[in-house]
Amino acid sequence: MESAREFEAGPFRVEVAKSHILKSSCEKGKAEGCEAGIEACPVCRFGRELSLPSLPEMVFPRNCLRVVHASGCALEFCALEALRLVDCHQEPLKVAAAEEWGRSRWVWLYVRLPVQINVFYS
């Protein structure tokens, strides 16, 4: 089920498209995947076009946000284009609170478990 909505805000038009989550295997039922080209299903297209070791668990391939100014200038945010920017060869990003969160998990594990488990956070 796909849905699309538009909103006007001054000189801007906001377009939103929502759909279902990406399936976990080829939508055409092919074990080796679809052939390259425009007819490839979203699963095969994402897998072929992205240089990721695996696809994220939850991808909404047809969801899109587009902001268009009255002058014609537009910004568009879609899953495939965003995932193309992921560099899986660099060390992953950490949010500012990641280290503190890791320490708090260690304290929680240490206090509540009857046996000691070694947990390491980098």
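Note that this is a predicted model, so its numbers are computed, not measured. (Residues numbered from 1 in each chain as written. Predicted model: local features only at pLDDT ≥ 70, side-chain atom pairs only at ≥ 80, totals over all residues. Heavy atoms only, no water.)

As for the sheet that holds strand S3 (residues 64-69)
The strand order across the open sheet formed by four strands is S1-S2-S3-S4, and the pairing between neighbours is antiparallel. The sheet terminates laterally at strand S1 (3-9) and strand S4 (74-78), the two strands that pair on one side only. Pairwise comparison of adjacent strand axes, ignoring direction, gives a mean angle of 10° for this sheet. In the sheet, strand S2 (residues 12-18) pairs with S3 via six bridges, with the strands oriented antiparallel. Along S3, the bridge assignment pairs Arg13 with Val68. (Pairing = 2+ DSSP bridges. Helix = DSSP H or I, 4+ residues; strand = E, 2+ residues; numbered from the N terminus. Axes fitted to C-alpha atoms, helices over the stretch in contact; angles between N-to-C directions.)

Focus: the environment of His20
Mapped onto the elements, His20 comes out in the loop between S2 and helix H1 (42-49). Along the backbone, His20 and Glu2 are 18 residues apart, and their C-alpha atoms lie at a distance of 7.2 Å.

Notes on the side chain of Glu15
Looking at where Glu15 falls in the secondary structure, it is placed in strand S2. Only 2.8 Å separates the side chain of Glu15 from the side chain of Arg13, close enough to count as a polar contact. When residues no more than four places from it in sequence are discounted, the contact partners of Glu15 are Arg5, Glu6, Cys64, Leu65, Arg66 and Val68. (Polar contact = N/O pair within 3.5 Å; in protein donor to acceptor, adjacent residues only side chain to side chain. Contact = heavy atoms within 4.5 Å.)

Regarding the state of the cysteines
Applying the stated rule across the entire model yields one disulfide. Here Cys64 engages in a disulfide with Cys78; their sulfurs sit 2.4 Å apart. Linking Cys64 and Cys78, the disulfide has an S-S dihedral of approximately -45° and is accordingly described as left-handed. Here Cys64, found in strand S3, pairs with Cys78, found in strand S4; they are 14 residues apart in sequence, far enough to count as distant. When sorted by exposure, Cys64 lands in the same class as Cys78, which is buried. You can see Cys44 has no disulfide; the closest cysteine sulfur is in Cys41, sitting 3.6 Å from it. (Disulfide = S-S within 2.5 Å. Buried < 20%, exposed > 50% of the residue type's maximum accessible area, 1.4 Å probe, protein only.)

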